[in-house]
Amino acid sequence: MDTSFRAQVFEWRGPAPFYWVLLPVHAADYVRAQAAKATYGWGAIPVLVRIGATEWETSLLPHSGAYALPLRKDVRIKEEIGDGETVAVALTMAPREGRTASGPGPAVQVIEEDR
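The shown structure was predicted, so the numbers you read here are calculated from the model rather than taken from an experiment.

**Structural notes on the pairing of strand S3 (residues 45-51)**
Next, step 1: Buried residues dominate S3, accounting for five of its seven residues.
Next, step 2: Relative to strand S4 (residues 54-63), S3 runs antiparallel, the two being bridged by seven bridges. By the bridge assignment, Arg50 is partnered in S4 with Glu55.
Next, step 3: Counted along the chain from S3 to the antiparallel partner S4, the turn is two residues long, and its residue Gly52 has a positive phi close to 60°.
Next, step 4: Alignment of S3 against strand S6 (residues 86-93), held across four bridges, turns out to be antiparallel. Within S6, the position partnered with Val47 by the bridge is Met93.

Laid out in structure tokens, this is it:
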């Protein structure tokens, strides 16, 4: 993974509730420096993310001068993550080499680890 950090989960209520993690300054700076190679528009940055034993693809979205990482419901359930919890996140930038903006990412993958 390119960078890792710990951050608090927060809920944003729009038409439906969504849960997010705001990247800390050092991680946002890293993403910003690599953004031109990865973005596919609207400032969205495709990434591969790992929290606990779960790995998935998603996109970071610009938020208040930093980036917000959306947490999928199935990931929150598998990793037992609730609102306000602090999570350890590892992420890799996904260069857009052939990636389409409209295609869904692969299903969540659970990585077997020694615990």
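**A word on the confidence of the model for the chain**
Next, step 1: For the chain, the mean per-residue pLDDT works out to 81, and 75% of the residues sit at or above 70.
Next, step 2: Scored below 50 in pLDDT, residues 98-106 shows nine contacts in the model against residues more than four places distant or in partner chains.

**Points about the pattern of salt bridges**
Any two side chains of opposite charge can pair, so long as their charged atoms come close to each other.
Next, step 1: Counting across every chain of the model gives three salt bridges.
Next, step 2: As a salt-bridge pair, Asp29 and Arg32 come within 2.9 Å of each other at their nearest N and O atoms. You can see Asp29 and its partner Arg32 sitting in helix H1 (residues 25-38), three residues apart, about one turn around the helix.
Next, step 3: Overall, the relative accessible area of 41% leaves Asp29 in the partly exposed class.
Next, step 4: A salt bridge links Glu55 to Arg50; the nearest nitrogen and oxygen atoms lie 3.8 Å apart.

**Thoughts on H1**
Residues separated by three or four positions in an α-helix point in the same direction, a consequence of the helix having 3.6 residues per turn.
Next, step 1: With 14 residues, H1 should cover 20 Å at 1.5 Å per step; its first-to-last C-alpha distance of 19 Å lies within 8% of that length.
Next, step 2: When the local axis directions of H1 are compared, the greatest deviation, roughly 35°, occurs at Arg32.
Next, step 3: For H1, the complete set of buried residues consists of Ala27, Ala28, Val31, Ala35 and Ala38.

**Comments concerning unusual backbone geometry**
Phi is mostly negative for residues that are not glycine, and the peptide bonds are mostly trans.
Next, step 1: The backbone of Ser64 shows a phi angle near 50°, a positive value even though the residue is not glycine.
Next, step 2: Residue position: Ser64 is located in the loop between S4 and strand S5 (66-71).
Next, step 3: Of the residues examined, Ser64 reaches a relative accessible area of 68% and is grouped as exposed.
Next, step 4: The phi torsion at Glu80 lies on the positive side, around 55°, for a residue other than glycine.

Scoring rules and cut-offs
In this convention, every chain numbers its residues from 1, walking through the sequence in written order. At least 70 in pLDDT is required for a residue's local features to be given in this predicted model, at least 80 for side-chain atom pairs to be given and counted, and no such filter applies to totals for whole chains, interfaces and linings, which use all residues. The side-chain quantities take in all heavy atoms of the structure and omit both hydrogens and water. Three exposure classes are used, based on accessible area relative to the maximum for each residue type with a 1.4 Å probe and protein chains only: buried under 20%, partly exposed in between, and exposed over 50%. We count a stretch as a helix when DSSP gives it H or I for four or more residues in a row; a strand needs E for two or more, and each element gets its number in order from the N terminus. Any two strands are treated as partners once DSSP identifies two or more bridges connecting them. Each residue gets a pLDDT score, which is the predictor's confidence in that residue and runs from 0 to 100. Whether two residues touch is decided by their heavy atoms; if any such pair falls within 4.5 Å, the residues are in contact. One speaks of a salt bridge when a side-chain nitrogen belonging to Lys or Arg is within 4 Å of a carboxyl oxygen belonging to Asp or Glu. Expected helix span is given by 1.5 Å per residue-to-residue step, counting one fewer step than there are residues. To get the bend at a residue, fit one axis to the 7 residues ending there and another to the 7 starting there, then take the angle between the axes.

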